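If you want the building blocks of each chain, they are given just below.
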Amino acid sequence: MRPMDEKETTVVFEKLFKFTGNNLKNIVENPSHEGPDKDPGRYCFRLHKNKVYYVSDSLVKRATNIARPKLASIGTCIGRFTHGGNFHLTIECLNLLAANAKHKVWLKPTSEMSFLYANHVLKGGLGRITESIAPGDGVVVFSMSDLPLGFGIAAKSTQDCRKLDPNAIVVLHQADIGEYLRMENQSEQLIEE
């Protein structure tokens, strides 16, 4: 586990900025309330085995007693670096994104299951959408009861959505909370083999 270098930090912050905008400051400056210390400090980003973790300073200090090969995970895994150097957000960062999202989309109850099975959001399933979304912006997807379901990339702007037919794609799927179940099934199949 180590701090990220400048290039890695830039890549991670650019991806997070795509979803949070100026609210990225809230994530970086978030005070920590974990640990036995009177002043546990803030949250920070750490890199371990190509995965980026969002973890409190207090926990980082205590984790230094564990050898790197034996450390499986620490804090919240927000994403991972690919072999090509790209950064991909994982579903574990959904709570962090949902609390600080700049652009939001709410789905009708009839289209929630479709999204949770890794399908894109169609115009017909759109309940509400925030203003000033541009194509390519990061969007957090919610149910109508404000439960975060996942996130994706806007395919159309807010203004274009008003003129689209019901089968047009509005948000391109990236991750959803149904991944937990799909990954569990995959890991069970691997164990059986």
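Residues numbered from 1 in each chain as written. Predicted model: local features only at pLDDT ≥ 70, side-chain atom pairs only at ≥ 80, totals over all residues. Heavy atoms only, no water.

**Student:** Teacher, can you tell me more about the overall build of the chain here?
**Tutor:** Looking only at helices and strands, the chain features seven helices and eleven strands. Structurally, the chain occupies a C-alpha span of about 55 × 45 × 35 Å along its principal axes. Considering the chain as a whole, with its 193 residues, one finds that 41% of them fall into the buried category. Long-range pairs, those at least 24 residues apart, make up 55% of the contacts in the chain between residues at least 6 apart in sequence. For the chain, the accessible surface area stands at approximately 11,100 Å², while carbon and sulfur atoms represent 52% of it. (Helix = DSSP H or I, 4+ residues; strand = E, 2+ residues; numbered from the N terminus. Buried < 20%, exposed > 50% of the residue type's maximum accessible area, 1.4 Å probe, protein only. Contact = heavy atoms within 4.5 Å. Areas by Shrake-Rupley, 256 points an atom, 1.4 Å probe, with all protein chains shown as cover.)

**Student:** Would you take a moment to explain the UniProt feature "domain: PUA" (unreviewed entry) in the chain for this structure?
**Tutor:** Using the residue numbers shown here, the UniProt feature "domain: PUA" (unreviewed entry) corresponds to residues 103-178. Measuring from the first to the last C-alpha atom of residues 103-178 gives 21 Å, for a span that is 16% helix and 41% strand. (UniProt positions renumbered as here; feature names shortened; annotations may be inferred.)

**Student:** I'm lost on the sheet that holds strand S5 (residues 87-89) in this one. Help?
**Tutor:** The strands making up a sheet associate through backbone hydrogen bonding, with each pair oriented either parallel or antiparallel. Strand order in this open sheet of five strands is S1-S2-S3-S4-S5, and the pairing throughout is antiparallel. The outermost strands of the open sheet, each flanked by one partner alone, are strand S1 (2-3) and S5. (Pairing = 2+ DSSP bridges.)

**Student:** Explain the pattern of salt bridges here, please?
**Tutor:** Summed over the entire model, instances satisfying the criterion amount to two salt bridges. Two residues, glutamate 8 and arginine 2, come together in a salt bridge whose shortest N-O distance is 2.9 Å. Assessed through its relative accessible area of 15%, glutamate 8 is described here as buried. Its salt-bridge partner being glutamate 131, residue arginine 162 comes within 3.0 Å of it at the nearest N-O pair. Residue arginine 162 is found in the loop between helix H6 (158-161) and strand S11 (169-176), and its partner glutamate 131 is found in the loop between strand S8 (126-129) and strand S9 (138-143); the two are separated by 31 residues along the sequence. (Salt bridge = Lys/Arg side-chain N within 4 Å of Asp/Glu carboxyl O.)

**Student:** Just checking my understanding: could you explain a nonpolar patch on the surface for this structure?
**Tutor:** On the surface, Leu122, Ile169 and Leu172 cluster together into a nonpolar patch covering about 200 Å² of accessible area. Tracing the backbone shows isoleucine 169 in strand S11. (Patch = residues over 30% accessible without salt bridge, like charges linked within 9 Å, V, L, I, M, F, W, Y side chains within 5 Å.)

**Student:** How do you make sense of the confidence of the model for the chain when you look at a structure like this?
**Tutor:** The predicted coordinates should not be examined in detail at positions where pLDDT is low. Per-residue confidence for the chain averages 88 on the pLDDT scale, and 93% of its residues sit at or above 70. Confidence, expressed as mean pLDDT per element, reaches its minimum in the chain at helix H7 (residues 179-192) with 64 and its maximum at S9 with 96. (pLDDT = per-residue confidence, 0-100.)

**Student:** In this structure, what is going on with the packing of aromatic side chains? I would like to understand it.
**Tutor:** Aromatic ring pairs: the centre-centre distance and the angle between the two ring planes describe each pair. Within the structure shown, the criterion is met by six aromatic pairs. On the basis of an interplanar angle of 15° and a centroid distance of 4.9 Å, the ring pair of tyrosine 43 and tyrosine 54 is categorised as stacked. Remark: tyrosine 54 occurs in strand S3 (residues 51-56) and tyrosine 43 occurs in strand S2 (residues 43-48); sequence separation between them is eleven residues. Comparing tyrosine 43 with tyrosine 54 shows no difference in burial state: the two are buried. (Phe/Tyr/Trp six-rings, centres within 6.5 Å; stacked < 30°, edge-to-face > 60°.)

**Student:** So what exactly am I meant to see when it comes to helix H5 (residues 109-116) here?
**Tutor:** Given 3.6 residues per turn, any residue in an α-helix points the same way as the ones three and four places further on. Here H5 has its buried residues at Ser111, Glu112, Phe115 and Leu116. Within H5, the buried residues cover an arc of 145° as seen down the axis, which keeps them to one side. Alanine 118 sits one or two residues past H5 and shows a positive phi near 70°. (Arc of directions from axis to C-beta.)

**Student:** What's the story with unusual backbone geometry in this structure? I'm lost.
**Tutor:** Note on backbone geometry: most residues besides glycine have negative phi, and most peptide bonds are trans. Non-glycine residue asparagine 50 carries a positive phi angle of around 65°. Positionally, asparagine 50 belongs in the loop between S2 and S3. The class of asparagine 50 is partly exposed, set by a relative accessible area of 41%.

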